[in-house]
Structures are given as C-alpha cells and as structure tokens.
Amino acid sequence: MTNGKKQTASKAIITATAVIDSQALLANYQQIKRLAPQSKILAVLKANSYGHGLTRIAKLLAKNTGVDAFGVARLGEALSLRAAGIVQPIVLLEGVFNPDDLPVVAVNDLQIIIHNQEQMDALLDASPLKLFYKQIKVWLKIDTGMHRLGIASKDFDKFYQQIQLSINVDTPLTLMTHLACADDQKDDTTKRQLALFEQLTNQLKDPKSCANSAAICAWPQSHYDWLRPGLMLYGVSPLAGADDDENQSATTLGLRPVMTLQASLIALRQVKAGESVGYGANWTSKHNTTIGIIAIGYGDGYPRHAENGTPVLINGRIVPLVGRVSMDMITVDLGKQGIDNIGDIATLWGKGLPVEIIAKHASTIPYELLCNIKSRVQIKEI
C-alpha cells in the first residue's frame, strides 16, 4: 500500500553519492600541523585514500598544502600517483615483495620500508646497474611490540649498520615503528613501545617516525620528525570510544568529515502495525507509520550488517534504519508525520552524522566503512 502522497519525485533522484569536501580535507591537514608544527607529514593514501579517491586526494594535498610525502601500501598505488603527475616523495609502507620490483622503485624515485631480512638482502644484493645507478631511500621499521611487521629489537644494530654501508642506499635512513594501542590512552602499551624505540635510537641522528593518527592526537611525545596521518586526515576520530565519548570525537579534535555519503528517497509506503519490511521479515512495525526507501545498499558499500535502529539523517532529523539492508536499497521508519518526499536527500554518514556512530551500529570500524565504498558510487567534489 502506498501512502497518501503522490508518488512522483519533484526533485532529482540521486543514487549512492559520496560528496568529497576538499576544504574539510585541507582544514584537517592544517589541524595536524597545529598539533605538531615541527614535524613533517607523510599523508597516508592507501586503500584508495580510505575510499576517498587516490589521485583526487593526492592532487588536492599536493596543490594546496606543503605536504612532505605520501604513503601507500602497494607498488601499483605509487605508480598510479606518479602517472597522475605527483612528484612528492612516495613511501611504500610495506616495502617491496619481489626483488624485481626494486628497479621500478629506483626509476620512479620511490622510497621503501624494510622490515625483514629478505627485503634487506634483496636491496643489498642488487647490482647498481640493475637499479640504474640510483640510490633508494630507506625507512627501517622496528618491531617495538606490535609483533606484525618490523625487525626484532635485538637485530636493530645489525640491520642499521649493514644498510648504512650499502652503496644502494640513500642515507640517512628514517627509523620508524608502529604503535599497536595508541587509540587507547589508558593502555600502557604505547609507553612501553616508545620507551624501547627511544632506547634503540636516541643516540642516532637519523629522522624518526612513530605517530599514526591516534598518536598524533593522544601522544605528543611520539611526534618526532615524521607524522603518518591516515584516518584523521579524512576527518574521522582515531581514538577509542569516539562513537559515544564527546571528548574523543572528531569535532573535539578539530576535524571535519571529508566524505558525506548520501542518496535519495525513491519511494514512500504506509505500513500498518504488525506488518514486516524487507528480506527475512526481521523488523515488524509496532505502529502505523511511513517507510522510506533509500537508493543505497551493500552493493554501494553500506554495511549489510547495520542493525535495526542505525541512524540515518534526513530533513534535519535522525530516523532509524529498519529491516535488512539490501544490495541496492535500505528502508527507514519516517514516522507518522509524513513530512518527507520522494527525492529528499538522506545522509548515511558524514556531515551531521559521524561515520564512527554508523560503524558501532554495524559492529565494525570506520576504516572498513570508508574503504568499502564501491566503484558504482557517484563522486561529487565540493
């Protein structure tokens, strides 16, 4: 049964659209500079710039800021940036996985992280001719307690000395580690990691890097020479509890969301008390109400496991998601008032509705939601 309104859209319908706010991006960059004015910034652009568009974000930062370098996870990402005209230093955050990639690194003037014996051997054993007689800039990663990537602390001196002596390496090195629990200020893991890093490196003059987004916000002693902001660059709080603690929120940290995910209402329906909506009939209305259908679903990257009650922003108010998320649509309970019309724009996350809150309702993290944006989602840069 349709509602009493005429089911004709008076406004242009938009399917899933990610609105990218370039001014918010630049404001977040400046906020990072305010937090650590003496440090250089390596802007992390991996995973398609956290779903915001790899080359789009790189070009915005390169043109409008003094960004010092970019960080990516894969060689293909770095080559895409070079092909797009990005000239800033680019660091491969996981290094190279194949010795045959080293000539590509050299000729494209990329920098690499070394975090294991195999990577070091490949670099030291490469002939200068194979590298086009170019030296490669190296970031040496130390495992101080995350136990994922990085050389063991007991091996640090050996790695450091061997890399320093190689004719293939452009010294000085940059010494780095990765912090496992920087988002939780009550956890002492970060203090222990920083203490070990300091013990290993305090007599060395090489540049140092420890701070990811959470550490930039919460651990000023970790700032050192290079920062590696990722999530906060895109206007999302990197701190634990940001979904329900205002002191940890992006707003309190001075950050603005870069992505606002939107879509239109494409239909309205009257649902009676006792009637169910969507696949599996996992939501049944307790009252007569109006249901709105919005043109977005898990085929666009909206989380399939978002629970009933997940907030959606429409016409200045929060309404609850009801029923199971479909591939192309979601349904929301608009209430009895019937103030909404086909074509009205719903915000799924972003300005006015932090992605951190949506992540909590979907039992995931903001990183995953942003990175899961699909290729069919329209992009609108403002």
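As a reminder, the structure under discussion sits directly above these lines.
Residue indices begin from 1 for each chain and proceed along its sequence in written order. The predicted origin of the model limits local features to residues at a pLDDT of at least 70 and limits the giving and counting of side-chain atom pairs to 80 or more, whereas totals for whole chains, interfaces and linings rest on all residues. Neither water nor hydrogens contribute to the side-chain values; these are computed over all heavy atoms in the structure.

**Quick notes on the overall build of the chain**
- In terms of regular secondary structure, the chain is built from 11 helices and 17 strands.
- In terms of overall dimensions, the chain has C-alpha extents of about 80 × 45 × 35 Å along its principal axes.
- Burial statistics for the chain: of 382 residues in total, 52% are counted as buried.
- Expressed as a percentage of contacts within the chain between residues at least 6 apart in sequence, the contacts between residues at least 24 apart total 67%.
- With the model as given, the accessible surface of the chain reaches about 17,000 Å², and the carbon-plus-sulfur share is 50%.
- This count recognises Lys and Arg as positive and Asp and Glu as negative, with His and chain-terminal groups excluded. Charged groups are reduced to one reference atom each: NZ for lysine, CZ for arginine, CG for aspartic acid, CD for glutamic acid. Taking the average place of the 38 positive charges on the side chains of the chain and the average place of its 35 negative ones, the gap between the two points comes to 7 Å. The way it works is that DSSP assigns letters per residue, a run of H or I at least four long becomes a helix, a run of E at least two long becomes a strand, and they are numbered from the N terminus. Between buried and exposed lies partly exposed: a residue is buried under 20% and exposed over 50% of the maximum accessible area for its type, with that area taken using a 1.4 Å probe on protein chains only. Note on definitions: a residue-residue contact is assigned when non-hydrogen atoms from the two residues lie within 4.5 Å. Computed with a 1.4 Å probe, the accessible areas rest on the Shrake-Rupley method; for each residue, only the protein chains presented here act as cover.

**Quick notes on the nonpolar core**
- Leu45, Leu61, Ile112, Leu140, Tyr302 and Trp349 are the most contacted members of the largest nonpolar core, which has 114 residues in total.
- Ignoring sequence-local partners within four residues, the contact set of Leu61 consists of Leu25, Leu26, Tyr29, Ala43, Val67, Phe70 and Leu233.
- Take the buried Ala, Val, Leu, Ile, Met, Phe, Trp, Tyr and Cys residues and link them wherever side-chain atoms come within 4.5 Å; each set so joined is a nonpolar core. Counting residues in hydrophobic clusters, the runner-up holds six residues, among them Val271, Val277, Trp283 and Ile293.

**A short note on a nonpolar patch on the surface**
- The residues that make up patches have over 30% relative accessible area and no salt bridge, and they are joined within 9 Å when like-charged or within 5 Å when they are Val, Leu, Ile, Met, Phe, Trp or Tyr. We define a salt bridge as a side-chain nitrogen of Lys or Arg found within 4 Å of a carboxyl oxygen belonging to Asp or Glu. Where nonpolar side chains cluster on the molecular surface, the patch consists of Ile13, Ile266 and Met329 and spans about 230 Å² of accessible area.
- On the basis of relative accessible area, Ile266 is assigned to the partly exposed category, the value being 33%.

**Quick notes on helix H3 (residues 54–64)**
- Among the residues making up H3, those that are buried are Leu54, Ile57, Ala58, Leu60 and Leu61. With its buried residues spanning 160° around the axis, H3 presents them on a single face. Think of it as the arc spanned by the lines of direction from the helix axis to the C-beta atoms.

**Side note on the packing of aromatic side chains**
- Stacked, tilted and edge-to-face pairs are distinguished by plane angle, under 30 degrees for stacked and over 60 for edge-to-face with tilted covering the rest, among Phe, Tyr and Trp rings (Trp via its six-membered ring) whose centres lie within 6.5 Å. Going through the model one piece at a time under the given rule, you end up with six aromatic pairs.
- With a centroid separation of 6.4 Å and an interplanar angle of 15°, the aromatic rings of Tyr302 and Trp349 are classed as stacked. Taken together, the positions of Tyr302 in the loop between strand E12 (289–294) and strand E13 (311–314) and Trp349 in strand E16 (residues 345–349) put the pair 47 residues apart, joining distant regions of the chain. We note that Tyr302, like Trp349, is buried.
- Pairwise contacts between aromatic rings join Tyr50, Tyr234 and Tyr367 into one cluster.

**Regarding the side chain of Arg228**
- Residue placement: Arg228 occurs in the loop between strand E10 (226–227) and strand E11 (259–271).
- Of the side chains with opposite charge, Asp225 lies nearest to the buried Arg228, which makes no salt bridge, at 11 Å.
- Those residues in contact with Arg228 that lie beyond four places of it in its chain are Leu42, Val44, Met176, Thr177, His178, Ser209, Cys210, Ala211, Asn212, Ser213 and Ile216.

**Points about unusual backbone geometry**
- Residue Pro172 follows Thr171 across a cis peptide bond; omega there is 5°.
- Position of Pro172 relative to the elements: it lies in strand E8 (residues 169–176).
- Phi angles above zero are rare outside glycine, and Asn48 is one such case at about 60°.
- Mapping Asn48 onto the fold places it in helix H2 (residues 46–51).
- Judged by its relative accessible area of 40%, Asn48 falls in the partly exposed class.
- Within the chain, Tyr133 stands out as a residue other than glycine whose phi angle is a positive 55°.
- In this structure Tyr133 comes out as exposed when scored by relative accessible area, which is 62%.

**A closer look at the environment of Val67**
- Along the chain, the position of Val67 falls in the loop between H3 and strand E3 (69–72).
- What makes Val67 buried here is its relative accessible area of 6%.
- For the pair formed by Val67 and Lys33, sequence separation is 34 residues and the distance between their alpha carbons is 10.0 Å.
- Not counting the four nearest positions on each side in its chain, Val67 is found in contact with Tyr29, Ile41, Ala43, Leu61, Ala62 and Gln88.

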